Every structure is written in C-alpha cells, then in structure tokens.
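Okay, here's what each chain looks like letter by letter:
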Amino acid sequence: MTITTGIQDLGLENITHRYNGVLALNHVSLEIEKGSFTAILGPNGAGKSTLALILGGMLRPTNGTVKVKAADRSRSHSGNGFINLGVVLVPEGRRLFTTMNVKENLLLGAYGSGQSKVEMMKSYEDTLEFLPELKRHLNKQAGLLSGGEQQMVAVARALMARPTTIILDEPSLGLAPKMIERIYEVISSLNQRAMTVIVIEQMTTYALQHAQSMIVLEGGMIRYHGSVTDAAAKEALQAGYFGTE
Amino acid sequence: MHDLLSVIFSGLVSGSLYALLGLSIVIIFRATDVVNFAIGDIATIGVYVAISVISLGVPVVAALPITFLVAGIIGVGVERFMIRPLGPGNMFSALIITMGFGLVLQALIGTIWGYNPRPFPPIIDGNITVFGVAITYQKLLATGLAVVAMLLITALFNWTRIGLAMRASAEDHFAARMIGIKSTRVASLAWFLGCGLAGVTAFIMAAESSVSVALMAMVLFRAFAGVFLGGLTNMIGAAAGGMMIGILDNVAGSYVSASFRDTMVFAVIVVILFLRPSGILGARGGARV
Ligand SMILES: Nc1ncnc2c1ncn2[C@@H]1O[C@H](COP(=O)(O)OP(=O)(O)O)[C@@H](O)[C@H]1O
Ligand SMILES: [Mg+2]
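Residues numbered from 1 in each chain as written. Chains lettered and ligands numbered in written order. Predicted model: local features only at pLDDT ≥ 70, side-chain atom pairs only at ≥ 80, totals over all residues. Heavy atoms only, no water.

Peer 1: Can you lay out the site of ligand 1 for me, pointing to particular residues and giving the numbers?
Peer 2: Residues and elements named next belong to chain A. Near ligand 1, the surroundings consist of Tyr19, Ala24, Pro43, Asn44, Gly45, Ala46, Gly47, Lys48, Ser49 and Thr50. The separation between an oxygen atom of ligand 1 and a polar side-chain atom of Asn44 is 3.3 Å. For ligand 1, an oxygen atom lies 3.0 Å from a polar atom in the backbone of Gly47. Considering each element in turn, the shell around ligand 1 owes the most residues, three residues, to helix α1 (residues 48-55). Across the shell around ligand 1, the residue classes tally to four nonpolar, five polar and one charged. (Near = heavy atom within 4 Å. Polar contact = N/O pair within 3.5 Å; in protein donor to acceptor, adjacent residues only side chain to side chain. Helix = DSSP H or I, 4+ residues; strand = E, 2+ residues; numbered from the N terminus. Nonpolar A, V, L, I, M, F, W, Y, C, P; charged D, E, K, R; others polar.)

This is how it looks when you write it as structure tokens:
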C-alpha cells in the first residue's frame, strides 16, 4: 500500500503512547520517504500532536521503535529532540519566544545544529531571503505579530537549523485563507528544494492540495496511508472521521 | 526637600545591593523555577573563604573573584546534586531543600570559623559629601561594584549566545529544548551566576561591617522584598524593586522611626502581594510554564 521506493527518512514501528494511562497512539507504524510531502490528517484528539512530538524526538513513546535516517533512536533522549539529526518541529501553538524580537527568535533557531557564528549569520541571511516578508519585523517583539506572521517566524526559526526534514503541527490553525495559502506556498517550495515535509492538519483542504501522500489518523490508529490521488484516499476522507472545514 | 533628596540618595546606595541580590535570586528562579533560600548562606561561605585567604596574605581585591567563584561553584553543586535529581515540577521540595541546606551551611560556618563576628579589612578609606550626605568611598565603591555587576549581567543576557539561550529557556522550557538548548547547561550557569553574584553582594556587605553567620539576613530580607515587588521572573523588575525597597527603607527610617524599618518594608510587601500577587512587573497568571 505504501510507496517506499526511496530512502527512509523517518520510521515508526509499532508505536504506542499513553499519557498516564490515556491511550493516545495505538500500534502506529509508518515510513516517511526522503524528500516526500506527507499530510497527516485526523480529527481533534486523534493523536496527531502526540505523533508530531514523537517524530520530532520531543516525546519518548511508551512502546515501539523510532528510526531517523534508518538508525534506531528510540533510546536516545537528550531532551533536545532530533534537531541535531536535521529533523525540526514547528509545534502546535508555534511556541515562539514571545517576549523576544523576531531576530532573536531566528538566531535561537540555529542553536541546536552546531553552527559556527559565521554559518549562523549565513543561515540568517538565507532565511530572510527565502522569507522576505519577515525583514520589516526583525526588531518587533514576536508576541505582538499577527497569527500568520508568527507562523512565518516559527517556520523561519525552524529553517535556521538547516533541516533536512520539517514537521509542522497545524500550521493553518486560526489563520486567514490568504495567510494559509502563503504558508503552503512556502512549505511546498521547501519540498521542491528536496526537504522532507510532514504537515499535520485537522482541516484537510489546503494540505491535500500540496501533499503527495497522506496518512489518516483516528482514535490513535492509522486508517489510511497512501497516495492522495488513490480512490481509497477519497473513501478514507469521506468515511466521516472529520470535516473538510 | 534637600533632606528628602539625601535620604533618597542613601536609599539608592543601599538599594543597589538589594537589587544585585534580587537579580541573583531571579536568575536562578527563571532558569530552574527554584526560589533558592540558601543563597545568603552560600554567599556567606564565600566570604568566610575570602577571610581565610586574606589571612594567608592574598590581597583584598583578589579575594573578591575568589568569593564569586566559591559561591558560584557551591551553587552549581547544589543544583546538580540536590535540585536536579528531584526532576521537574518539584518546586516545594526544592524550596525545603534549599532552606535545609542553608541551615547546614550556617552550622558548618560556625564549626569551621566560629560564631563570633570576624573583622573584615576595609577596601578604601575616606569619604565624600553628595547631596549633603557624607558618604564613605567604601560605600560608593560598593554601589559602583553592584551597578557594574548589573550592567555586565544585562550585557550577558542581551548580547551573548548563552545569555540569549538563558532568556529563551526562562520563557519557554519546552521550546528551548526543542531548538536544542541544553537545559542542564542553562541550569548550571544560572546557579553559578546567581550564587556568584550573591557572593559579590556578601563581599560588599562584609567590607562595610564585620562578618558573622547572619551577614546576609538583613540584605536577603530586603532583596526578597524587592523581588516580590518586581516579580520573580522579571530581572529589571527585581533590580528596580530592590532600589525601591532601599529608598523606602531609608525614608521610613528617617521620617518614621528607625525601629520600624523592617515593619515598614514587610508591610509594603504584604500590600503589594495583596494587590498584585505576581509583583508589579511580574508575569500575570501561569503565562510561563
Ligand atoms: N499531556 C497530555 N496528558 C494527558 N493526555 C493527553 C496529553 N496530550 C494529549 N493527551 C490526550 O491524548 C489524545 C491525543 O491527543 P493529541 O495527540 O493532542 O491529539 P490531536 O493533536 O490529534 O488533537 C487525546 O485524547 C488527548 O486528550
Ligand atoms: Mg493537536
């Protein structure tokens, strides 16, 4: 069912996660191909954010194996996730440093990837060239920006680590359609530059316009994993797990 | 009016010490969510070590960095071996542990150096009159030192990589970990700086009087008052709070009664905490967790 012709970037084998007994993920296995664009979709409470945290290495699952670039990372837990392996997470709610300015937020994004000062400034310039709309906000406090601008800063901060893989948890939440389109334009362009992209959404409309493969998660289990264009994909979406709005 | 000005001025002079110690408390709290009640005793040990090295012939000026280092290293040890093993979210246990450790340190000081006050060599002699107040060079130097220490901290937190990382970690522990900041490193550095700076405060106090186990009691009380005034998470607030307490203390001492100073300071804390539980400049509610 899954297309795994390429090289595996991230892999989960039999992942189960419980929060103090509450089952959030139930025997989840999946492979994310290098350079792919995957949408993980599902209703509220499906376990999407839990999956995002595990894929980013920020949460150690109760059971199962986590592989990054084919190496077993289930036991490694520095508390810093997989950022030093090139896997960055743009988490639910963005988690910007709201009292700090945009420039400081961006520079902080480079901390975990062991860049020298010169490399860090290069990343900074490249990031601003890629997202020029941030240039006029550099000295503004991040918490005072609009939701869409903050989401851009969150993406930019993640890019400062020069990642190979980016995981975005509900990037469109609460944003105006125009802003969502811009975010997806940015994400797609990252994917075209060979970055592995995983977008997690409850609202399917935008994600499905750009992703090649999709995973439907419901009740902590995978209900569908395959190409977005398959007939089965349509069925999975219409199964009534969640709406399109 | 002239009189009030001089009272305010001497308030600022003593307030700079409360500000510096308050800043030390806040640096530690922001990084590790621990109110370190042992900070005064850790600082005092640093001064006793200074007394010992001075008696061995080390110049007084060189004893200052030694005090800073000794207090800082003890701080690192306390965080590493007493606080960190508790794991996150154990504020109450951490509080009890620092209180208990403070008592242990006091007993240790008494055992090693005795309980009688020890003289401490003055750093500089003479005095100058500012705003009609005769002020010793010693006090002026102390204030200068406290101000310089605070400026250095400001520079560290605003213009260095590690300072930026410490601010990020203070604002959002999770996000800081996510971008690769080592929380253990931030914790160690915060305890080193916090306790080291408290050592500097203790050194300044010692140079102004003699040294006893209770060296820091009066300053610590006022520094905490300043911190509650400015908010436990706000560095500028804590420093400003310390200055305000210094002024208030002097105004109360001069215009009300010298014996009511502590009562006045305490009354102000109670009123402020009643009106604004998180301090005047502190974060409201559970904004940072
Ligand atoms: N920190 C937590 N503690 C306890 N239960 C949690 C926690 N986080 C999530 N859950 C529970 O785990 C399940 C999956 O949550 P989550 O991964 O956030 O889903 P989604 O992102 O798809 O909305 C839900 O039932 C949620 O209530
Ligand atoms: Mg979620």
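Peer 1: Outline the interface of chain A and chain B, listing residues and values.
Peer 2: One widely used convention gives an interface's size as the accessible area the parts lose upon coming together. With 23 residues of chain A at the contact, the number on the chain B side is 19 residues. Overall, the association of chain A and chain B removes approximately 2000 Å² of surface from exposure, summing both partners, and the carbon and sulfur fraction of that is 57%. Between chain A and chain B we count two salt bridges in total. The closest approach of N and O atoms between Glu104 of chain A and Arg167 of chain B, which form a salt bridge, is 3.2 Å. The tally of links from chain A across to chain B stands at 10 residue pairs in polar contact (both at pLDDT 80 or more). Counting residues per element, the ones that place at least two in the side of chain A that touches chain B are α2 (102-108) and α3 (117-130) of chain A. For the side of chain A that touches chain B, the element with the highest residue contribution is α2 of chain A, accounting for three residues. When the residues that make up the side of chain A that touches chain B are grouped by side-chain class, the tally is 12 nonpolar, seven polar and four charged. (Contact = heavy atoms within 4.5 Å. Buried area = accessible area lost by both parts, 1.4 Å probe. Salt bridge = Lys/Arg side-chain N within 4 Å of Asp/Glu carboxyl O.)

Peer 1: An account of unusual backbone geometry is requested, with residue identities and associated values reported.
Peer 2: All names here are of chain A. A positive phi is found at Arg95, a non-glycine position, where the angle reads about 55°. With respect to the helices and strands, Arg95 occurs in the loop between β6 (87-90) and α2. Phi at Ala194 is positive, roughly 75°, even though this residue is not glycine. Within the fold, Ala194 resides in the loop between α5 (177-192) and β8 (196-201).

Peer 1: Provide a residue-level description of the sheet that holds strand β7 (residues 165-169) of chain A, including the pertinent values.
Peer 2: Residue and element names in this part refer to chain A. With mixed pairing, six strands are arranged side by side in an open sheet as β6-β7-β8-β3-β9-β10. Looking along the sheet, the strands with just one partner apiece sit at the ends: β6 and β10 (221-227). This sheet shows a mean twist of 15° between the axes of neighbouring strands, independent of strand direction. Sheet topology places β6 next to β7; four bridges connect them, and they run parallel. Bridge pairing in β7 links Val87 to Thr165. In the packing of helix α7 (residues 231-238) onto the sheet, the strands contacted are β3 (37-41), β9 (213-218) and β10, and the crossing angle to β10 comes to about 145°. (Pairing = 2+ DSSP bridges. Axes fitted to C-alpha atoms, helices over the stretch in contact; angles between N-to-C directions.)

Peer 1: Any chance you could break down helix α5 (residues 137-159) of chain B for me, citing the residues and the numbers?
Peer 2: Look at α5 of chain B: 32 Å from first C-alpha to last across 23 residues, which is about the 33 Å you get at 1.5 Å a residue. Listed as buried for α5 of chain B are Gln138, Ala142, Thr143, Ala146, Ala149, Met150, Ile153 and Phe157 of chain B. (Expected span 1.5 Å × (residues − 1). Buried < 20%, exposed > 50% of the residue type's maximum accessible area, 1.4 Å probe, protein only.)

Peer 1: So what's going on with the packing of helix α4 (residues 147-159) of chain A against α5 of chain A? Residues and values would help.
Peer 2: Residues and elements named next belong to chain A. Two elements in contact, α4 and α5, have axes separated by 10 Å at closest approach and are oriented at 15°. The orientation of α4 with respect to α5, classified from their angle, is roughly parallel. In the crossing of α4 with α5, the sense of the turn from one axis to the other is right-handed. Listed contacts from α5 to Gly148, Glu149, Gln151, Met152, Val155 and Leu159 of α4 are Met179, Arg182, Ile183, Val186 and Leu190. The residue inventory of the contact of α4 with α5, partitioned by class, reads seven nonpolar, two polar and two charged. (Parallel < 35°, antiparallel > 145°, perpendicular 65-115°, else oblique. Left-handed = near helix turned anticlockwise from the far one by under 90°.)

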